[in-house]
Amino acid sequence: LLDALATFDEALLSGEPRPVQKQRGDAVFAGSTCVGRAARLRVTGIDADTRLSQIRRLAEHAQFQRPRLALVADRWASHFVVAMMVVAIATFAVWWSIDPARAFPVALAVLVAACPCALALAIPAALAAANDGLGRRGVMVLGDDALTRLANIDTVVFDKTGTLTRGEPRIVDILMLDGSDPVVARTIAAALESGSGHPLARAFADAAVAPADAAELLPGQGITGRVDGVAYQLGRAGFAGVGADDGGVWLAREGVAFARFEIRDPMRPEVPELIRTLQGQGMQIWLASGDGERAVAELALAAGITRVRARLSP
């Protein structure tokens, strides 16, 4: 990217519907779409070097690979041919003794009805239809045995933010410890989160705010950066210098916390029915999230999930 800042939709590559903000020097992948104003790019790879081409090659490789079930069908088909020839000859012999004029048509009917080609083609045809149906729903199958392994799944682990929730986090409360203006704290947090790909960054989205200098994301902890020459930290309580983790997002100035943000992301309305459906199929459901204990527990209770893990690292 040659411009200072631009936004791109990478849903075709990652499945993530939320646009991603890029800064000058960041890589922009073929297959993504520029959102908002136009951006200037330098082309560094074409055709086979692009991310989209790599994904296409993976999909083509998976389609040409024969899954284990298809190989088993091929193996049985060869034995099936011999068995059907024996049955057809036996049928011809029996009908020859009953009605010689009908012996050949009946034996031929046996071979047609028990055509081994149907056995050899049934599984590839079913897999092709399944892959096509999944593709129309935005699911790409890259493993040759991926579909056959689905039948053995007994546990489903869900992420929280953006998966079971709408991916539209909102700040519902700001607690100021030093009595300063909450608007200032939010502006600083927006500058730190500008360009961040973290799901919670959307809660601080503000296009009018300039990005923080020397911003650095520490996975599972938070983000640091300098705003107007002052060092700030935004993230978990411990990361911001607060002892106990209470599930909030804390903002600290030079290592001293002075603001706390309470963020909520509403649950998708179809989640409870989805969880009941999967549980009805005998599957164990887990919720694994990097969010705080309280927020994760509240969503799990509303969704009907009993197996929960919070504050997990990436």
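What counts, and where the lines are drawn
- Residues numbered from 1 in each chain as written.
- Predicted model: local features only at pLDDT ≥ 70, side-chain atom pairs only at ≥ 80, totals over all residues.
- Heavy atoms only, no water.
- Salt bridge = Lys/Arg side-chain N within 4 Å of Asp/Glu carboxyl O.
- Helix = DSSP H or I, 4+ residues; strand = E, 2+ residues; numbered from the N terminus.
- Buried < 20%, exposed > 50% of the residue type's maximum accessible area, 1.4 Å probe, protein only.
- Pairing = 2+ DSSP bridges.
- Axes fitted to C-alpha atoms, helices over the stretch in contact; angles between N-to-C directions.
- Contact = heavy atoms within 4.5 Å.

Draft legend 1. Seen up close, the pattern of salt bridges. For the structure on display, the rule yields nine salt bridges. Put simply, D3 and R40 hold a salt bridge, and the shortest N to O gap is 2.9 Å. With D3 in the segment before β1 (5–9) and R40 in the loop between β3 (33–35) and α2 (51–64), this pair connects stretches of sequence that are 37 residues apart. Assessed through its relative accessible area of 10%, D3 is described here as buried. Ionic pairing is found between K160 and D291, a salt bridge with its closest N-O pair at 2.8 Å. In this pair, K160 sits in the loop between β4 (155–158) and β5 (170–176) while D291 sits in the loop between β11 (284–288) and α9 (293–303), placing the two residues 131 residues apart along the sequence. Assigned by exposure class, K160 and D291 land together as buried. The structure contains a network of salt bridges with shared partners spanning D246, R260, E262, R264, R294 and E298.

Draft legend 2. Quick peek at the sheet that holds β4. Strand order in the open sheet made by the three strands is β4-β11-β12, with parallel pairing throughout. This sheet does not close on itself; its edge strands, each paired only once, are β4 and β12 (307–309). With direction set aside, neighbouring strand axes in the sheet form an average angle of 20°. Sheet topology note: the β4/β11 ladder contains four bridges and is parallel. Residue pairing in the sheet places V156 in a bridge with I285 of β11. The sheet contacts of helix α8 (residues 271–280) involve β4 and β11, and relative to β4 the element is tilted by about 160°.

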